[in-house]
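# Report on the structure
The chain contents come next:
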Amino acid sequence: MERTLFHLDAAVAAGFNDCVGLHVAPIRPLHDDPRFRAVYRRMRVTRADLDEFFWLHQEMQIMARDATTASVDNVGRLDTGVSLLPQAPLPTREPNTVGVLITRLDLAAAQTAVQQVALKAEFQRSSGNTSLSLIDGEWDDPRATRDALHADELETRRRRAAEARAFVERPGAATTLVPCPPLGSITYPV
């Protein structure tokens, strides 16, 4: 607990203000500690940045669900094609605080890691299908074609959905620094 508070205090002093991230389930038990509460009360955020924090954390949840769905969709897929796992573009607006940049980096790192894992699994599935076709000499070309078309359709839907989820700044969102919402008042995005 001491190390956690030490690092949180240093992060807040350096500009960390992701109050949404501090409402994730594993962190909530710390909310009762008076020292944690004192550090949290020092954080400031703008309404515009708070909107983006909610979007960033919601995107992390969507990204994890999409990766799971994509891996299930590829079970039994016979073709040798490789599907990508499209991700929503990162916001490009000028943030009011550096804390937003930290959370953007977290999301970008998570997106990259998930895409790499998904791509590795796709290459393994594809090469496995190629190996099996060479070993047993039987290849179900019509099924492979259907699987490839279906996979392309799913990838197109995922790409469009990711593009549609792009962050859009709310017109008129306040850019004045104010205290973060009280601990416990934020529901972490699911």
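Look up a bit, the structure's there.
Residues numbered from 1 in each chain as written. Predicted model: local features only at pLDDT ≥ 70, side-chain atom pairs only at ≥ 80, totals over all residues. Heavy atoms only, no water.

## Let's talk about helix α1 (residues 2-13)
Between its terminal C-alpha atoms α1 stretches 16 Å, which fits the 16 Å expected from 12 residues at 1.5 Å a residue. Every buried residue of α1 is accounted for by Leu5, Leu8 and Val12. For α1, the angular spread of buried residues about the axis comes to 65 degrees, placing them on one side. Among the exposed residues of α1, those oriented more than 90 degrees off its buried face are Glu2, Arg3, Phe6 and Ala13. Close packing links the buried residues of α1 with α2 (34-41). Glycine 15 sits one or two positions beyond α1 and adopts a positive phi of about 115 degrees. (Helix = DSSP H or I, 4+ residues; strand = E, 2+ residues; numbered from the N terminus. Expected span 1.5 Å × (residues − 1). Buried < 20%, exposed > 50% of the residue type's maximum accessible area, 1.4 Å probe, protein only. Arc of directions from axis to C-beta. Contact = heavy atoms within 4.5 Å.)

## Examining the layout of surface pockets
In this structure, the largest pocket spans a volume of roughly 220 Å³. If you trace the largest pocket, you find 18 residues lining it, with Ala70, Ser71, Asn74, Ala118 and Glu122 closest to the centre. Only α3 (47-73), α4 (98-136) and α5 (141-164) provide two or more residues apiece to the lining of the largest pocket. The biggest single contributor to the lining of the largest pocket is α4, with 6 residues. The residue makeup of the lining of the largest pocket, split by class, is 10 nonpolar, 3 polar and 5 charged. (1 Å grid on protein atoms, 1.4 Å probe; cavity = no way out; pocket = protein on both sides within 12 Å on 5 of 7 lines; lining within 4 Å. Points joined across faces, edges and corners; volume = space filled by probe spheres on them. Nonpolar A, V, L, I, M, F, W, Y, C, P; charged D, E, K, R; others polar.)

## With respect to the packing of α1 against α2
Orientation of α1 relative to α2, taken along the N-to-C sense of each, is 10 degrees, at an axis distance of 10 Å. Here α2 runs roughly parallel to α1, going by the angle between their axes. Where α1 approaches α2, its residues Glu2, Leu5, Leu8, Asp9 and Val12 are matched on the opposing element by Arg35, Phe36 and Val39. Across the contact of α1 with α2, the residue classes tally to 5 nonpolar, no polar and 3 charged. (Axes fitted to C-alpha atoms, helices over the stretch in contact; angles between N-to-C directions. Parallel < 35°, antiparallel > 145°, perpendicular 65-115°, else oblique.)

## Concerning the nonpolar core
In a soluble, globular protein the nonpolar side chains are often hidden away together inside. In terms of nonpolar packing, the biggest core is built from 27 residues, with Leu8, Cys19, Leu22, Phe36, Tyr40 and Met43 touching the most fellow members. Those elements that provide at least two residues to this core are α1, α2, α3 and α4. Broken down by element, the residue count for this core peaks at 6 residues, all from α3. Apart from the residues lying within four places of it in its own chain, the contact partners of tyrosine 40 are Cys19, Leu22, His23, Cys180, Pro181, Pro182, Leu183 and Ile186. (Core = buried A, V, L, I, M, F, W, Y, C linked by side-chain atoms within 4.5 Å.)

Taken by themselves, the reported measurements are silent on function.
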